[in-house]
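# A look at the structure
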Amino acid sequence: MQVNSSNVTYENGFIQASYSYKSSNVEKLENGTLKVTPKTTEYTFKTNTKIPKLGIMLVGWGGNNGTTFTAGLLANKMKLSWFTKRGEQTANYYGSITQASTIKVGCSGSEEVYLPMNQVLPLVNPDDVVISGWDISALNLSQAMKRAQVLEYNLIEKLDPYMRDMVPKKAIYYEDFIAANQKTRADNILEGHNKLEHLETIRKDIREFKATNNCDKVIVLWTANTERFCQLTPGVHDTAENVLKAIENSEAEISASTVYAVATILEGCSYINGSPQNTLVPGVIELAKQKDVFIVGDDFKSGQTKIKTSLVDFLVSAGIKPQSIVSYNHLGNNDGKNLSSEKQFKSKELSKKSCVDDITGSNKILYPETNKIDHEIVIKYVPYTGDSKKAMDEYLSEIFLGGQHTLVLYNVCEDSLLAAPIILDLILITELFERIEYKVDGMRTFQRFNRVLSTLGYLCKAPLTDENTPLVNSLYRQKNALDNIFKACAGLHADDNLLLEFKCP
Ligand code: NAI
Ligand code: DG6
């Protein structure tokens, strides 16, 4: 795409675009009136179009998501097709916004024109990435893919020669953070209890992987078991200095995931947390800012929560009052086994539950005093169901004149087939943001986006935001913001869907 505007230049390998950002400041006057002052802020976005060679390291590489992600990228790269009971299937990237969604760029006459997201701004091609990672289980990726029971047998057979030589690196294992029922697979772990030594090993792994594969950069993503929350402790988790000291002292409340995150940040790489636990404690956030790297979290938003953050938005914005949501899940994979333990379930419960608070909080007509609704999360481990997760939701809402509206959903699919494309998107878009800089009114030099990359909230159940940043869970608003940031950096207007040229011709 080439944008025909004096606001955009394409020079020396950069797209530079000016963007007038329109927002409003709101003050509440003494008499209760809201005084709203619209304002315009001039931004310049500069995107480096040189695509780097990207290395991806997954924590939990041998799990269902890790193997499905690796298999999916290989199947697409090799353009594989395989037989299922429904016939021949070819590789695709359905479920990935970067590879399979489109963004409206304008109108040609009365026709609206859409471009694939990865053509609006230049992204790394998934065919060109190199993948590695760690797992507490020693199985090679081919064996692990079979254990996962996600993919069709004929595809597994085709991928076996490519995945059997992929072996996870030894992992950090702090037993107390994941369920006790995971112990039987923990046969590939770093010795001892010295957290500083563990940190140094992970740092070395990242450096060696990067050098061996001639990568320009590496991104690390956690897709290992959900950990319990660490008990946030002043003097341990509150500042970057204290987190580093706590690792040196092998403090008990420093989780394995926090050690991976700190190692990644110290290597100057972005870190993404795909699970709900509080890995990214205040001290880690401070460290990421000091080292100028991005952190993204928490917990992939795949099926049930994606619908929830879209459905509740629809109900509340239609003036309908959801009063209770009951979300029931059962699944039989290793994730379900880990979540059958109470402390790990609590981490997941929190992230699945907190995702509508801002939506109900936005409407004081429906929720004048408290925006809390009855919201229950149930997760049951049923081994026979394997990776095929069943999610059932009941939404009860109050409607006109005291009537009641019931919505019931049944959601079934292989969980990892939804999560793997999200993993790809999180990584590719984070990498893109490493190449984007901005300048705003009066700033002399370009700088990067906030290191807490909340723009990726669309892909996360509990988006990590920096302090004083509003939390947005509404799926529509999240996607709209992401699409519009792509458009702004490419030199296009944000889409407000007014279509005035047709309504007021
Ligand atoms: P899984 O249990 O199949 O895979 C996790 C892997 O992590 C296992 O192979 C395990 O051996 C490994 N592991 C555990 N602790 C480790 C450590 N300290 N270092 C390195 N490896 C470690 O689980 P699955 O289905 O792949 O999910 C992964 C994570 O993603 C879970 O926390 C899950 O809750 C989260 N998630 C999954 C979604 C989905 O749709 N599949 C959506 C949202 C989050
Ligand atoms: C039980 O719900 C297992 C969980 O790991 C979820 O399947 C996973 O977090 C996906 O959740 P959701 O709500 O995004 O579909």
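Details of the structure are given in the entry above.
The structure presented is a predicted model; accordingly, all values stated were derived computationally and were not measured.

Cut-off values and rules
Residues numbered from 1 in each chain as written. Chains lettered and ligands numbered in written order. Predicted model: local features only at pLDDT ≥ 70, side-chain atom pairs only at ≥ 80, totals over all residues. Heavy atoms only, no water. Phe/Tyr/Trp six-rings, centres within 6.5 Å; stacked < 30°, edge-to-face > 60°. Helix = DSSP H or I, 4+ residues; strand = E, 2+ residues; numbered from the N terminus. Buried < 20%, exposed > 50% of the residue type's maximum accessible area, 1.4 Å probe, protein only. Lys NZ or Arg CZ within 6 Å of the ring centre and 35° of its normal. Core = buried A, V, L, I, M, F, W, Y, C linked by side-chain atoms within 4.5 Å. Contact = heavy atoms within 4.5 Å.

Under the counting rule described, the total for this entry stands at nine aromatic pairs. When the centroid spacing of 5.8 Å and the interplanar angle of 80° are considered together, the rings of Tyr438 and Phe449 count as edge-to-face. Remark: Phe449 occurs in the loop between strand S17 (436–440) and helix H15 (475–490) and Tyr438 occurs in strand S17; sequence separation between them is 11 residues. Across this residue pair, the class does not change: Tyr438 and Phe449 are buried. For Lys195, the ring lying beneath its charged end belongs to Tyr174, and the centroid distance is 4.3 Å. A cation sits over an aromatic face here: Arg228 above Phe177, 4.0 Å from the ring centre.

Let's shift gears to the nonpolar core. Note on soluble globular proteins: their nonpolar side chains tend to be buried together. In this structure, Phe69, Leu159, Leu426, Ile427 and Phe486 are the most contacted members of the largest nonpolar core, which totals 71 residues. Counting residues per element, this core draws most heavily on helix H14 (residues 415–433), which supplies 11 residues. Apart from the residues lying within four places of it in its own chain, the contact partners of Leu159 are Ala71, Leu74, Ala75, Met78, Leu80, Met145 and Leu151. Grouped together as the second largest cluster of nonpolar side chains are 48 residues, Ala171, Tyr174, Ile247 and Val293 included.

Bringing helix H5 (residues 153–163) into the picture now. Within the span of H5, buried status applies to Asn154, Leu155, Ile156, Leu159, Asp160 and Met163. Packed against the buried residues of H5 are helix H1 (64–77), strand S5 (81–84) and helix H4 (141–148).

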